[in-house]
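Architecture at a glance
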Amino acid sequence: MFLHSVNLWNLAFYVFMVFLATLGLWDVFFGFEENKCSMSYMFEYPEYQKIELPKKLAKRYPAYELYLYGEGSYAEEHKILPLTGIPVLFLPGNAGSYKQVRSIGSIALRKAEDIDFKYHFDFFSVNFNEELVALYGGSLQKQTKFVHECIKTILKLYKGQEFAPKSVAIIGHSMGGLVARALLTLKNFKHDLINLLITQATPHVAPVMPLDRFITDFYTTVNNYWILNARHINLTTLSVAGGFRDYQVRSGLTFLPKLSHHTSALSVVSSAVPKTWVSTDHLSIVWCKQLQLTTVRAFFDLIDADTKQITQNSKKKLSVLNHHFIRHPSKHFEENPAIISDLTGTSMWVPVKVSKWTYVAYNESEKIYFTFPLENHRKIYTHVYCQSTILQGVDLSWKAELLPTIKYLTLRLQDYPSLSHLVVYVPSVHGSKFVVDCEFFKKEKRYIQLPVTHLFSFGLSSRKVVLNTNGLYYNLELLNFGQIYQAFKINVVSKCSAVKEEITSIYRLHIPWSYEDSLTIAQAPSSTEISLKLHIAQPENDTHVALFKMYTSSDCRYEVTVKTSFSQILGQVVRFHGGALPAYVVSNILLAYRGQLYSLFSTGCCLEYATMLDKEAKPYKVDPFVIIIKFLLGYKWFKELWDVLLLPELDAVILTSQSMCFPLISLILFLFGTCTAYWSGLLSSASVRLLSSLWLALKRPSELPKDIKMISPDLPFLTIVLIIVSWTTCGALAILLSYLYYVFKVVHLQASLTTFKNSQPVNPKHSRRSEKKSNHHKDSSIHHLRLSANDAEDSLRMHSTVINLLTWIVLLSMPSLIYWLKNLRYYFKLNPDPCKPLAFILIPTMAILGNTYTVSIKSSKLLKTTSQFPLPLAVGVIAFGSAHLYRLPCFVFIPLLLHALCNFM
């Protein structure tokens, strides 16, 4: 019956939207590189020593614990406290385990063994009982206070030692990183208790899914504090994102705010980290060997030799993090590197006068200096480029940069007007073969402009560049590429002359306004396809151009083709705006609900949900109002009026401030919302029919109620019991039980109607005439109206829509219920409870609606007003609920409450 009410064109549209959504979801969940992280292994059995906490603290936080990580002899030695190392505290994230510390803890232990324990780190980890803090924010403040107490407890373990630490370093995974930042907001917290903060896949900007107000309030408090007190915060902070493999926390959320006066914060994507160069998913970022090795190297370079603790010098800390996580010169870190080299000695000196030069060395027995006179080259060329395939030994100065198979150096000649020669030093290397290449070039011949294709070309057109010269290095400037809704595929075809050895090329996407570079290694000749898309949009004042850097071979020719990738654009829509879809689905259902209420008021019958969805769910009924409000908020007088009325900030304004505006994004999401609303309506209708069939199979057939009673004898008792359940345990539990009661009533009605139709077929026309006639004479005792088959069908249509709305309320309240069930052994009552106020209103409303039939409300004086409310509420859902999902139930219960009141007015 549900499908019969939809014409074929609409059905084709819904199927097409499912296809588009599938393309976008596939790109998000599967359209990324394979996991190239190496697994980190323990060499000895890992042990977690529980640290005894003060009794008052353990009683206040019964679900939380503090552990010290160790292996083998180290673990045995440190069972006898106090400790002598450098403390590092690991904070797990949403549903994270304290045992996730083992990867970095084990690697740091091996590193300490290599230097005979001259320095070593003690890794502590907090057990948060794997709480779902990304879904329920009520425990975030509690976690923050517990971490504060843990820090004080940890520092006491070093009391009396010669080099006792006064602060700890913190590594926070996911929401653990946000908890670490929140420490600074505590009233009695001393900022100097933390000397370094490294966060891994932490959503700093905003919550991934804002499912309750406690999460958003926590974010607002933390971010506002860091912004307002940026001048006084001297905490060196590094945020590492996982890249496109991490579909749980998109990398754009992990970038710390860039403040001109706060230079102690760095944000980088793991694919851009030197010696890592891989994208990590949300869990592998804590065990990815390449990334953990980089982190441990940074930790050991941060040690102050005098204090044997992490340095307090902010400049040095930032230099170390830049060295290991941003730009690695393929040298060990030096705080004050020598910029003048002594070139005296008996080494061989070889002058080189050509503009392009290659040196292949194997088993060199003596040092060689190659000198390039610059006087003549300055007249013809602007830059010099050198690269070496041996990553250690060949000195290309501190300005060099490390890549997976080479290290390279590019110098602009005019920056060194006083230099007479460029010297390349090749040491004696036994048993190793390597190649050193150098060339002088003009910038305009190696910097080539490549405009990207238009967004709406859908991959039908392309742009091509052919690199015919035999250079070693090219920069393709990707013009007009700077928005997150853009996505492209670059295809690089390399054709090489006859060569015996394997040739390696490196292709690097360089984004100058954020550290989100990605590298691709290809063997030539080959055809390589590379995805181009952004985590962070280009800032408005930024004039830089995204670059596609090619480290090539002089024996090959390259063709580069770029075209729009429609599937990846859909992936970006899902990645950046998929979380707002529930708001658009609810908005569509509200519009269909409005149509049903109005048809009941105007014609006396309730039309099918699918029919009303097709008729009423139109974008022009919602989007123009949001656009107009956003436009008016640009005027000072309207903004002041808005603030006087205490209205919350428009969600569209928030998205604009986060550079998340796609063209026509609201229209796209509305269409996806219409599609989802249709299929969810089909699912709810089919579920009711299936459950009613099961009911008839298990119970004897029931009959339609002879008399309609709004309030049955057991209804007040049931309502009171559910309210008590909400007050004493969890509001979401009471909402779920009320929802199940409502579904049971609807299933029972469906079963009764099926039985009635099978036993007593009625004449539909006669039934409708009788129904219309009864509408002209309102019965003064409406609670004793008889229910016909047509009335039952109308009621089921209305109930199906209400179930659809209530299902979304239940889904949005589930996280707090899951959290409560998980912590039931510690706390019988959820506190704070985001669903409790809603439960108090929704429980009696659902109880009354469960006994509501269209025949009892079609003559209500309140019905016309009720039918007008869903439209402005549908606008409100988009305006205030797309970035704050916890507000959706507030917009939904209002028309449901008015619907219930129609029984009495």
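As annotated in an unreviewed UniProt entry, the chain carries the name GPI inositol-deacylase and is attributed to Gorilla gorilla gorilla. Annotation of the chain in UniProt includes, under Sequence similarities (unreviewed entry), the sentence "Belongs to the GPI inositol-deacylase family." In UniProt, the chain has this text filed under Function (unreviewed entry): "GPI inositol-deacylase that catalyzes the remove of the acyl chain linked to the 2-OH position of inositol ring from the GPI-anchored protein (GPI-AP) in the endoplasmic reticulum. Initiates the post-attachment remodeling phase of GPI-AP biogenesis and participates in endoplasmic reticulum (ER)-to-Golgi transport of GPI-anchored protein."

1. Digging into the state of the cysteines
Following the criterion strictly, the structure yields three disulfides and no others. With a sulfur-sulfur separation of 2.1 Å, C386 is cross-linked through a disulfide to C438. What sets the handedness of the C386 and C438 disulfide is the S-S torsion sign, and at about 115 degrees it is right-handed. On the criterion of sequence distance, the pair formed by C386 in strand β14 (residues 383–388) and C438 in strand β18 (residues 433–441) is long-range, its members being 52 residues apart. C438 carries the same exposure label as C386, and that label is buried. Each bonded cysteine of the chain gets a number by its place in the sequence, and the pairs then read 1-2, 3-4, 5-6.

2. Some details on the UniProt feature "transmembrane region" (unreviewed entry) in the chain
Here the UniProt feature "transmembrane region" (unreviewed entry) sits at residues 12–32, 650–672, 718–742, 802–821, 837–857 and 869–898. Within the segment residues 802–821, helix and strand shares are 100% and 0% respectively, and the terminal C-alpha atoms sit 27 Å apart. This span, residues 869–898, is 77% helix and 0% strand, and a straight line between its end C-alpha atoms measures 9 Å.

3. Notes on the environment of Y381
With respect to the helices, strands and loops of the structure, Y381 is situated in the loop between α10 (375–380) and β14. Accessibility expressed as a relative area gives 21% for Y381, which makes it partly exposed. Spatially, the C-alpha atoms of Y381 and K443 are 7.9 Å apart, while their sequence positions differ by 62 residues. Apart from the residues within four sequence positions on either side, Y381 is in contact with S355, L413, F440, F441 and K442.

4. Remarks on the packing of aromatic side chains
Under the counting rule described, the total for this entry stands at 41 aromatic pairs. With centroids separated by 6.5 Å and ring planes inclined at 90 degrees, the aromatic side chains of F123 and F299 adopt a geometry described as edge-to-face. Here F123 is found in strand β4 (residues 121–127), whereas its partner F299 is found in helix α8 (residues 289–301), with 176 residues between them in sequence. With respect to burial, F123 and F299 carry one shared label: buried. Here the aromatic residues W357, Y359, F370, F372, Y381 and F440 are joined through ring pairs into a cluster of three or more. Sitting above the plane of the Y447 ring, K443 keeps its charged end 5.1 Å from the centroid. Here the guanidinium or amino end of K829 rests over the ring plane of W727, the centre of that ring lying 5.0 Å away.

5. Some remarks on the domain arrangement of the chain
If you check the domain split of the chain, you get domain 1 (46–326), domain 2 (348–443), domain 3 (446–573) and domain 4 (579–757 + 787–902). Taken together, the contact between domain 2 and domain 3 spans 17 residues of the former and 15 residues of the latter. Buried surface at the junction of domain 2 and domain 3, both sides included, amounts to about 1,400 Å², of which 61% is carbon and sulfur. Taken together, domain 2 and domain 3 are joined by two salt bridges. Residue E401 is joined to R508 by a salt bridge in which the shortest nitrogen-to-oxygen separation is 3.0 Å. Taken together, domain 2 and domain 3 are joined by seven residue pairs in polar contact (both at pLDDT 80 or more). Breaking the side of domain 2 that touches domain 3 down by element, the ones donating at least two residues are β14, β16 (407–412) and β18.

Conventions we followed
Residue indices follow the written sequence of each chain, beginning from 1 at its first position. Thresholds applied to this predicted model are a pLDDT of at least 70 for local features of residues and 80 or more for the giving and counting of side-chain atom pairs; totals over whole chains, interfaces and linings are not thresholded and use all residues. As a rule here, side-chain values cover all heavy atoms of the structure and leave hydrogens and water aside. UniProt positions are given in the numbering used here, feature names are shortened, and annotations may be inferred rather than shown by experiment. Any pair of cysteine sulfurs within 2.5 Å is marked as a disulfide. Counting from the N terminus, the helices are DSSP H or I runs at least four residues long and the strands are E runs at least two residues long. Each residue is placed in one exposure class: buried if its accessible area under a 1.4 Å probe, protein chains only, is under 20% of its type's maximum, exposed if it is over 50%, and partly exposed if it falls in between. In what follows, residue pairs with any heavy atoms lying within 4.5 Å of each other are defined as contacts. Centres within 6.5 Å are what make two rings of Phe, Tyr or Trp a pair, Trp counting through its six-membered ring; a difference in plane orientation under 30 degrees is then read as stacked, over 60 as edge-to-face, and the rest as tilted. Whether a charge lies above a ring is judged from NZ of Lys or CZ of Arg, which has to be within 6 Å of the ring centre and within 35 degrees of the ring normal. Residue ranges labeled as domains rest on an automatic or database domain assignment. When two parts are brought into contact, each loses some accessible area as probed by a 1.4 Å sphere; the total of that loss over both is the buried area. We count a salt bridge whenever a side-chain nitrogen from Lys or Arg sits within 4 Å of a carboxyl oxygen from Asp or Glu. Pairs of N or O atoms are called polar contacts if they sit within 3.5 Å, as long as, within protein, a hydrogen donor faces a hydrogen acceptor (for residues adjacent in sequence, only side-chain-to-side-chain pairs).

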